[in-house]
Amino acid sequence: MEEKWAWTGVCAALVIVTKPTGIVAVFALAWLYMEKKQWKLQNIRPSILWFVLAPIALLLHFYDLYLVSGHPFAFLDAMIAWGGIQPSAYLNPLQNLQSHVLDVFKIDLVLTILF
């Protein structure tokens, strides 16, 4: 199997920009990388640096939100405006599961945990 870590890093960056919960995919890909390297630190190559694209992409996304709206976490404001979750639900995601309404955040959280 051919290891294409450059494409993996690019896809990880796109996933994390698409949805903040994409960070879970980045951890899963890093796990896969380490499995391919047999969990030995001496086997790690510079190809691991491709995973740095994901946090850089997220920071650039936050910076773009700041330039456009003046608030780097404007996506939280949008979720509140559309009747979604409260920002405190990101600090304690399980508190949002206690309400009786089944919303997109709950489905997203459950699927993220299952993934």
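Attention in this report is confined to the structure presented alongside it. (Residues numbered from 1 in each chain as written. Predicted model: local features only at pLDDT ≥ 70, side-chain atom pairs only at ≥ 80, totals over all residues. Heavy atoms only, no water.)

This part covers the packing of aromatic side chains. Applying the stated rule across the entire model yields 5 aromatic pairs. Here W31 and W39 contribute two aromatic rings whose centre-to-centre distance is 4.8 Å and whose plane-to-plane angle is 75 degrees, an arrangement assigned as edge-to-face. Centroid distance Y33 to F51: 5.7 Å. Interplanar angle 80 degrees. Geometry classified as edge-to-face. Placement of Y33 in helix α2 (residues 23-36) and of F51 in the loop between α2 and α3 (53-69) is noted, with a sequence separation of 18 residues between them. Comparing Y33 with F51, the two get one shared label, buried. Among the aromatic side chains, those forming a connected cluster through ring pairs are W5, Y33 and F51. (Phe/Tyr/Trp six-rings, centres within 6.5 Å; stacked < 30°, edge-to-face > 60°. Helix = DSSP H or I, 4+ residues; strand = E, 2+ residues; numbered from the N terminus. Buried < 20%, exposed > 50% of the residue type's maximum accessible area, 1.4 Å probe, protein only.)

Taken together, the side chains of W7, V10, L14, W50 and L53 make up a nonpolar region of the molecular surface, amounting to roughly 500 Å² of accessible area. Ranked by residues supplied to the nonpolar patch, first place goes to helix α1 (residues 5-18) with 3 residues. Tracing the sequence through the fold places L53 in helix α3. L53 sits in the partly exposed class, given a relative accessible area of 30%. (Patch = residues over 30% accessible without salt bridge, like charges linked within 9 Å, V, L, I, M, F, W, Y side chains within 5 Å. Areas by Shrake-Rupley, 256 points an atom, 1.4 Å probe, with all protein chains shown as cover. Salt bridge = Lys/Arg side-chain N within 4 Å of Asp/Glu carboxyl O.)

Moving on: the packing of α1 against α3. Where α1 meets α3, the axes come as close as 8 Å, and the angle between the chain directions of the two elements is 35 degrees. Every pair of crossing elements has a handedness; the one defined by α1 and α3 is right-handed. Every residue of α3 that contacts α1 at G9, V10, A12, A13, I16 and V17 is listed here: L53, A54, A57, L58 and H61. Taken together, the residues that form the contact of α1 with α3 break down as 9 nonpolar, 2 polar and no charged. (Axes fitted to C-alpha atoms, helices over the stretch in contact; angles between N-to-C directions. Left-handed = near helix turned anticlockwise from the far one by under 90°. Contact = heavy atoms within 4.5 Å. Nonpolar A, V, L, I, M, F, W, Y, C, P; charged D, E, K, R; others polar.)

Here we take up the side chain of T8. Within the element layout of this structure, T8 appears in helix α1. In this structure the side chain of T8 is engaged in a polar contact, spanning 2.9 Å, whose partner is the backbone oxygen of K4. Apart from residues no more than four positions distant in its own chain, T8 is found in contact with L29 and F51. (Polar contact = N/O pair within 3.5 Å; in protein donor to acceptor, adjacent residues only side chain to side chain.)

With that settled, consider the environment of A25. Relative to the helices and strands, A25 is located in helix α2. Exposure remark for A25: the relative accessible area of 18% places this residue in the buried category. Separated by 87 residues in the primary sequence, A25 and T112 have C-alpha atoms spaced 8.9 Å apart.

Taken by themselves, the reported measurements are silent on function.
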